[in-house]
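Listed below, chain by chain, are the residues.
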Amino acid sequence: MADTRVDEPQSEEPIAPAHVGRHPGPKEYIRIAIILAVITGFEVAVYYIEGAQDYLIPILFFFSFVKFSLVVLWFMHLKFDSRTYARFFVMGLAGAITLFLIVLLIFQVFSS
Amino acid sequence: MATVEHTGVVDEHAATSTGLPHLKLAMWLFLASDCLLFGALISTYVLYRGASVEPPYPADVFDIPYTSVSSFVLLASSLTMVLALAAIQRGDVGRSRIWLLATALLGMTFLGGQVYEFTTFVEEGLTLKTSVFGTSFYVLTGFHGTHVAVGVLMLLTLFALSFGGRITQRNALTVELVGLYWHFVDIVWIVIFTVVYLIPTGNPPGAS
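## A look at the overall build of chain B
No. 1: Along the backbone of chain B there are six helices and two strands.
No. 2: N-terminal to C-terminal, the α/β element order of chain B is β-β-α-α-α-α-α-α.
No. 3: Burial analysis of chain B (208 residues in total) assigns 53% to the buried set.
No. 4: The contacts of chain B with a sequence gap of at least 6 include a subset with a gap of at least 24, amounting to 77%.
No. 5: If you sum the accessible surface of chain B, you get close to 8400 Å²; carbon and sulfur atoms cover 67% of it.

## Considering the pattern of salt bridges
Side chains bearing opposite charge may pair, as long as their charged atoms lie close to each other.
No. 1: This structure, assessed with the given rule, holds four salt bridges over all chains.
No. 2: For Lys24(B), the salt bridge identified is with Asp81(A), shortest N-O distance 2.6 Å. Of this pair, Lys24(B) sits in helix H1 (residues 22-48) while Asp81(A) sits in the loop between helix H2 (56-75) and helix H3 (83-106), which puts the two residues in different chains. Grouping residues by exposure puts Lys24(B) and Asp81(A) together as buried.
No. 3: One salt bridge in this structure joins Glu176(B) and Lys24(B), with 2.7 Å as the shortest N-O distance. Of this pair, Glu176(B) sits in helix H6 (residues 172-198) while Lys24(B) is found in helix H1, placing the two residues 152 residues apart along the sequence. Side by side, Glu176(B) and Lys24(B) carry an identical accessibility label, which is buried.
No. 4: A single network of salt bridges, built from pairs that share partners, joins Asp81(A), Lys24(B) and Glu176(B).

## Things to note about the nonpolar core
No. 1: By size, the foremost hydrophobic cluster in this structure holds 87 residues, and its most contacted members are Phe75(A), Phe89(A), Phe62(B), Phe137(B), Phe184(B), Ile187(B) and Tyr197(B).
No. 2: Contributions of two or more residues to this core are made by helix H1 (26-48), H2 and H3 of chain A together with H1, helix H3 (64-89), helix H4 (93-123), helix H5 (132-163) and H6 of chain B.
No. 3: Among the elements that make up this core, the one with the highest residue count is H6(B) (20 residues).
No. 4: Leaving out residues up to four positions away in the same chain, Phe137(B) has contacts with Tyr45(B), Phe62(B), Glu117(B), Phe118(B), Phe121(B), Gly142(B), Val196(B) and Tyr197(B).

## Observations concerning the confidence of the model for chain A
Residues and elements named next belong to chain A.
No. 1: A residue-level look at chain A finds 78% of positions with pLDDT of 70 or above and a mean pLDDT of 83.
No. 2: Put simply, H3 is where chain A has its lowest mean pLDDT, 93, and H2 is where it has its highest, 96.
No. 3: Low confidence marks residues 1-16, where pLDDT is under 50. Its contacts with residues over four positions away, or in another chain, come to six contacts.

## A few points about the confidence of the model for chain B
Close reading of the predicted structure is inappropriate where its pLDDT is low.
Residue and element names in this part refer to chain B.
No. 1: In this model, chain B carries a mean pLDDT of 90, and residues with pLDDT of at least 70 account for 90%.
No. 2: Below a pLDDT of 50 lies the segment residues 1-10, which in the model reaches 16 contacts outside its immediate sequence neighbourhood of four places, other chains included.
No. 3: Under the prediction, the complex receives an ipTM of 0.88, its pTM being 0.87.

## Considering the environment of Ile98(B)
Residues and elements named next belong to chain B.
No. 1: Counting through the fold element by element, Ile98 comes out in helix H4.
No. 2: Of the residues examined, Ile98 reaches a relative accessible area of 56% and is grouped as exposed.
No. 3: The spatial distance from the C-alpha of Ile98 to the C-alpha of Thr80 is 9.0 Å, given a sequence separation of 18 residues.

## Topic: the interface of chain B and chain A
No. 1: Across the contact, 50 residues belong to chain B and 50 residues belong to chain A.
No. 2: Contact between chain B and chain A buries roughly 4500 Å² in total, counting both sides, with carbon and sulfur atoms accounting for 80%.
No. 3: Connecting chain B to chain A are one salt bridge.
No. 4: At the surface where chain B touches chain A, the tally comes to four residue pairs in polar contact (both at pLDDT 80 or more).
No. 5: Of all the secondary structure elements, the ones that give two or more residues to the side of chain B that touches chain A are H1, H3 and H6 of chain B.
No. 6: Counted by class, the side of chain B that touches chain A contains 34 nonpolar, 11 polar and five charged residues.

## Points about the packing of aromatic side chains
Residues and elements named next belong to chain B.
No. 1: Tallying each qualifying case throughout the model produces 26 aromatic pairs over all chains.
No. 2: Judged by centre distance (4.7 Å) and plane angle (45°), the rings of Phe62 and Tyr197 are tilted. Residue Phe62 is found in the loop between helix H2 (58-61) and H3, and its partner Tyr197 is found in helix H6; the two are separated by 135 residues along the sequence.
No. 3: Between Trp189 and Tyr197, the ring centres sit 5.8 Å apart and the planes meet at 50°, which makes this aromatic pair tilted.
No. 4: In this structure an aromatic cluster arises from ring pairing among Tyr45, Phe62, Phe110, Phe118, Phe121, Phe133, Phe137, Tyr138, Trp189, Phe193 and Tyr197.
No. 5: Arg97 extends its terminal NZ or CZ atom over the ring of Phe163, reaching a point 4.1 Å from the ring centre.

## Details of a negative patch on the surface
No. 1: On the surface, Asp60(B), Asp63(B), Glu123(B) and Glu124(B) cluster together to form a negatively charged patch.
No. 2: Tracing the backbone shows Glu123(B) in helix H4.

## Some details on H5(B)
No. 1: Its 32 residues place the ends of H5(B) 47 Å apart at the C-alpha level, agreeing with the 46 Å of an ideal helix rising 1.5 Å per residue.
No. 2: Where H5(B) ends, the next residue or the one after it, Gly165(B), has phi of about 75°, a positive value.

Rules and cut-offs
Residues numbered from 1 in each chain as written. Chains lettered and ligands numbered in written order. Predicted model: local features only at pLDDT ≥ 70, side-chain atom pairs only at ≥ 80, totals over all residues. Heavy atoms only, no water. Helix = DSSP H or I, 4+ residues; strand = E, 2+ residues; numbered from the N terminus. Buried < 20%, exposed > 50% of the residue type's maximum accessible area, 1.4 Å probe, protein only. Contact = heavy atoms within 4.5 Å. Areas by Shrake-Rupley, 256 points an atom, 1.4 Å probe, with all protein chains shown as cover. Salt bridge = Lys/Arg side-chain N within 4 Å of Asp/Glu carboxyl O. Core = buried A, V, L, I, M, F, W, Y, C linked by side-chain atoms within 4.5 Å. pLDDT = per-residue confidence, 0-100. Buried area = accessible area lost by both parts, 1.4 Å probe. Polar contact = N/O pair within 3.5 Å; in protein donor to acceptor, adjacent residues only side chain to side chain. Nonpolar A, V, L, I, M, F, W, Y, C, P; charged D, E, K, R; others polar. Phe/Tyr/Trp six-rings, centres within 6.5 Å; stacked < 30°, edge-to-face > 60°. Lys NZ or Arg CZ within 6 Å of the ring centre and 35° of its normal. Patch = residues over 30% accessible without salt bridge, like charges linked within 9 Å, V, L, I, M, F, W, Y side chains within 5 Å. Lys, Arg positive; Asp, Glu negative; His and termini not counted. Charge placed at Lys NZ, Arg CZ, Asp CG, Glu CD. Expected span 1.5 Å × (residues − 1).

Structure representation (structure tokens):
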């Protein structure tokens, strides 16, 4: 039986298994890390700015959310991998947020 | 059963019932359950941080510049971790080994910082039994520190295994799993840094 395989050009790029999407390269990782460092710098700066104190909590939560998302999506590859992993993680995250809100509502933290 | 791509890269997990590696699914499930653990601990901290009737209060002990440096160290360790994974995925065991060691060293630096911070707080009068703030603070950050310590042990194990040829491009998934755990520790710290350290807590009425 004839060999029907076709030789394909060899690439130096890693070939990901079927369950893995294309992961970013080192340059993209470094770019994300720089963004994370800059945002952390902003967080600390905002903490010391007198004029920003009225909006401190929403600003800090926003920065925290952006950093959290960048790490989960890029460094943990949820942006690139199967959505099944994301469903698992979002399930746990939703449970934690629900738990957080229920505890704080029961003890009326928001009203104090 | 392993399947071999035409490139020679082996995917040991493609034959699972989901088409996804069970170990990776299990790790994500573990991380989801760990979210609940830290959700409970953070809720408890938020509930009790302003409820102490005796000093020291949060504003008396927290050193934001110092903790900010710790945060930068942990963020840097996440970068070295992904660089270790990227290196092993392209078959560069040597460079992966260096990045794994760098990640472990950064993790140990963070832990050293936490030990110093705890020591300082105890000297300032904040112990596990001083107040509800002290209890909830030490339990939350202590659990996080324990996670970091476990992560450092896993990283050092990978580093040691790489010398015996047991960490290769073929089983890059092992590095990826440890990486997932490490990044999870990082995202938990992102939340702790904001909620515990940066969001101010007013001292109780009557406190100086």
